[in-house]
Amino acid sequence: VYSFFGASQQLGGTATFALLVAGSFLLRKSDRHDVIHLLEAGSKAEKMLALAEVEATPGMWPRVKPLASAILKGTETEVRVRLLDLIEARRDASLLSEVHALLVDPDDSVRERALRCVRTIGGRASAEPILAAAAKEEDDYLKVELAEALLELGDARGVPLMIDVLAEGEAAQA
């Protein structure tokens, strides 16, 4: 009787364990699906973790890329800056128009990161958006960076911008 009871307990425990393992495989979501869902509806912290996962797993980028435009238009500064880092690291020029739009973003950290991204993935076609951003820029540091970016592209229109900052900006007040 004892050996029958012990055997049935062990068999029951093994069956329960097997059901738990099988259930976990059935309920397990795809990692890619989770990342997409987090980027669409997660908190800022979850989105940052999802973007870190995308960076660590390059094969995920094609599935995440369609969300990039909406994320860049969002309000979460840290998430947008992190995505700009990914775009720059991947050298994905297909998102250049969205990055150009951020050169006039209200947040200076987004503008600065967008300019860094444009310097990496942009080309001569980026001169006009850079010039337009420089005309609106109030921060002397960023105006100088925009002027330097124009000069790096071989566009002499960066020289008057640089002179303007020297003549009227904080440097003139010193």
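For the structure itself, look to the data block above.
Residues numbered from 1 in each chain as written. Predicted model: local features only at pLDDT ≥ 70, side-chain atom pairs only at ≥ 80, totals over all residues. Heavy atoms only, no water.

A short note on the overall build of the protein chain
Here's step 1: A count of helical and extended segments in the protein chain gives twelve helices and zero strands.
Here's step 2: Listed by position from the N terminus, the elements making up the protein chain come as α-α-α-α-α-α-α-α-α-α-α-α.
Here's step 3: When burial is assessed residue by residue, the protein chain has 36% of its 174 residues classed as buried.
Here's step 4: Surface summary for the protein chain: the accessible area is close to 10,400 Å², and the carbon and sulfur share equals 59%. (Helix = DSSP H or I, 4+ residues; strand = E, 2+ residues; numbered from the N terminus. Buried < 20%, exposed > 50% of the residue type's maximum accessible area, 1.4 Å probe, protein only. Areas by Shrake-Rupley, 256 points an atom, 1.4 Å probe, with all protein chains shown as cover.)

Observations regarding the packing of helix α8 (residues 108-121) against helix α10 (residues 140-152)
Here's step 1: Packing of α8 against α10 leaves a shortest axis separation of 11 Å and a crossing angle of 10°. Between α8 and α10, the angle is such that the two are roughly parallel. Residues Asp108, Arg111, Glu112, Leu115 and Arg119 of α8 form the contact with α10, whose own contacting residues are Tyr141, Leu142, Glu145, Leu146, Glu148, Ala149 and Glu152.
Here's step 2: For the contact of α8 with α10, a count of residues per class yields five nonpolar, no polar and seven charged. (Axes fitted to C-alpha atoms, helices over the stretch in contact; angles between N-to-C directions. Parallel < 35°, antiparallel > 145°, perpendicular 65-115°, else oblique. Contact = heavy atoms within 4.5 Å. Nonpolar A, V, L, I, M, F, W, Y, C, P; charged D, E, K, R; others polar.)

Notes on the environment of Lys143
Here's step 1: With respect to the helices and strands, Lys143 occurs in helix α10.
Here's step 2: Contact partners of Lys143, with chain neighbours within four places excluded, come to Ala134, Glu137, Asp164 and Val165.

Some details on the side chain of Arg111
Here's step 1: Counting through the fold element by element, Arg111 comes out in helix α8.
Here's step 2: When its relative accessible area of 12% is taken as the criterion, Arg111 is described as buried.
Here's step 3: Among the polar contacts listed, one links the side chain of Arg111 to the backbone oxygen of Asp105, at a separation of 2.9 Å.
Here's step 4: Excluding anything up to four places from it in sequence, Arg111 contacts Leu102, Leu103, Val104, Asp105, Pro106, Glu137, Asp139 and Leu142. (Polar contact = N/O pair within 3.5 Å; in protein donor to acceptor, adjacent residues only side chain to side chain.)

Focus: unusual backbone geometry
Here's step 1: Positive phi is not limited to glycine here, since Arg91 has a value of about 50°.
Here's step 2: In this fold, Arg91 is placed in the loop between α6 (77-90) and α7 (96-101).

Examining the packing of α10 against helix α11 (residues 158-168)
What describes two packed helices is the angle between their axes and the distance between those same axes.
Here's step 1: Direction vectors running N to C along α10 and α11 enclose 155°, while the axes themselves pass 8 Å from each other. The angle between α10 and α11 falls in the class roughly antiparallel. As for how α10 packs across α11, the hand of that crossing is left-handed. Facing α10, whose interface residues are Asp140, Lys143, Val144, Ala147, Glu148, Leu150 and Leu151, α11 presents Gly158, Val159, Leu161, Met162, Asp164 and Val165.
Here's step 2: Taken together, the residues of the contact of α10 with α11 sort by class into eight nonpolar, one polar and four charged. (Left-handed = near helix turned anticlockwise from the far one by under 90°.)

Observations concerning the environment of Val110
Here's step 1: Among the secondary structure elements, Val110 is positioned in helix α8.
Here's step 2: Assessed through its relative accessible area of 0%, Val110 is described here as buried.
Here's step 3: The spacing of Val110 and Val81 is 29 residues in sequence and 5.8 Å in space, taken between C-alpha atoms.
Here's step 4: Apart from residues lying up to four places away in sequence, Val110 is in contact with Thr77, Arg80, Val81, Leu84, Leu102 and Asp105.

As for the environment of Leu83
Here's step 1: Take Leu83: it is sitting in helix α6.
Here's step 2: For the pair Leu83 and Ala68, spaced 15 residues apart in sequence, the C-alpha separation works out to 7.4 Å.
Here's step 3: What Leu83 contacts, discounting residues up to four positions off in sequence, is Leu51, Trp61, Ala68, Ile71 and Leu72.

Considerations on a nonpolar patch on the surface
Here's step 1: A cluster of nonpolar residues, Leu151, Val159 and Ile163, forms a patch on the protein surface that exposes about 240 Å² of accessible area.
Here's step 2: Turning to its location among the elements, Val159 is positioned in helix α11.
Here's step 3: Note on Val159: relative accessible area 40%, which makes it partly exposed. (Patch = residues over 30% accessible without salt bridge, like charges linked within 9 Å, V, L, I, M, F, W, Y side chains within 5 Å. Salt bridge = Lys/Arg side-chain N within 4 Å of Asp/Glu carboxyl O.)

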